[in-house]
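What the coordinates show
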Amino acid sequence: MKNPPLFVLGLLSLLLGTIGAILPILPTTPFILLSAYCFSKSSDRFYKWLINMPHFGRLIRDWNEKGVIGRRSKYACLISILGVIVYFSFISDAALIAKIILPTILIPVLIYVLTRPEN
């Protein structure tokens with residue numbers, strides 16, 4: 001293992017991306033791409049395992065080879081990020097700091113994802 005902190009971050013982002021694939025409250029694509037980056041710098045074995053997965057592997061290969069994010073992934077990201085922002089900002093009784101920090105982080109992520117080319 002080349003870089004243990006990046007490996008742990010890769011595992012955490014993979015977990016969040018997997019949860020996002022099941023529940024529409026987290027965006028899958030940014031977390032899987034972050035996981036791929038972390039594994040590429042920390043563990044060749046986990047990176048190869050991730051890019052060969054049937055579902056996530058295609059996302060990563062499209063990004064690495066063409067710099068593209070598919071339209072379906074963009075829509076899923078849009079819906080999940082907006083859902084999280086609406087929920088935490090207007091529905092939940094989360095702390096004010098969470099209501100400020102979440103949109104501050106998630107809106108730039110959403111803009112980045114939506115402005116990437118499509119395949």
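Refer to the structure above for everything that follows.
No experiment lies behind these values; they were computed from the predicted model shown.

This part takes up the pattern of salt bridges. The final tally for this structure, using the stated rule, is five salt bridges. Residues Glu118 and Lys74 are paired through a salt bridge, measuring 3.7 Å at the closest nitrogen-oxygen approach. Of this pair, Glu118 sits in the segment after helix H6 (96-114) while Lys74 sits in helix H5 (residues 71-91), and the two are 44 residues apart along the sequence. For Glu118, a relative accessible area of 35% translates into the label partly exposed. One continuous salt-bridge network, built from bridges that share partners, spans Arg58, Asp62 and Lys66.

All right, on to the environment of Tyr47 then. Mapped onto the fold, Tyr47 is located in helix H3 (residues 44-51). Considering only alpha carbons, one finds Tyr47 and Gly57, 10 residues apart in sequence, at a separation of 9.8 Å. Each residue touching Tyr47, except ones within four places of it in the same chain, is listed here: Ala36, Phe39, Ser40, Ile60 and Asn64.

The next thing to look at is the nonpolar core. Counting residues in each nonpolar core, the largest one holds 19 residues, and the members touching the most others are Leu14, Leu50, Phe56, Ile60 and Ile81. For this core, the secondary-structure elements that each account for two or more residues are helix H1 (4-22), helix H2 (28-42), H3, helix H4 (56-66), H5 and H6. Setting aside residues no more than four positions away along its own chain, Ile81 makes contact with Pro27, Leu106, Val109 and Leu110.

Let's shift gears to H4. For H4, the set of buried residues is Phe56, Gly57, Leu59, Ile60 and Asp62. Buried residues belonging to H4 abut H1, H2, H3 and H5. Following H4 by one or two positions, Gly67 has its phi on the positive side, about 70 degrees.

Scanning the entire structure with this criterion turns up six aromatic pairs. The interplanar angle of 45 degrees and the centroid separation of 5.6 Å between the aromatic rings of Phe7 and Phe39 together place this pair among those described as tilted. Of the two residues, Phe7 is situated in helix H1 and Phe39 in helix H2; the sequence distance between them amounts to 32 residues. Ring plane angle 85 degrees and centroid distance 4.8 Å describe the contact between Phe7 and Phe46, whose orientation is recorded as edge-to-face. Note that Phe7 is positioned in helix H1 and Phe46 in helix H3, a separation of 39 residues in sequence. Overall, the relative accessible area of 11% leaves Phe7 in the buried class. Among the aromatic side chains, those forming a connected cluster through ring pairs are Phe7, Phe39, Phe46 and Trp49.

About the cut-offs
Residues numbered from 1 in each chain as written. Predicted model: local features only at pLDDT ≥ 70, side-chain atom pairs only at ≥ 80, totals over all residues. Heavy atoms only, no water. Salt bridge = Lys/Arg side-chain N within 4 Å of Asp/Glu carboxyl O. Helix = DSSP H or I, 4+ residues; strand = E, 2+ residues; numbered from the N terminus. Buried < 20%, exposed > 50% of the residue type's maximum accessible area, 1.4 Å probe, protein only. Contact = heavy atoms within 4.5 Å. Core = buried A, V, L, I, M, F, W, Y, C linked by side-chain atoms within 4.5 Å. Phe/Tyr/Trp six-rings, centres within 6.5 Å; stacked < 30°, edge-to-face > 60°.

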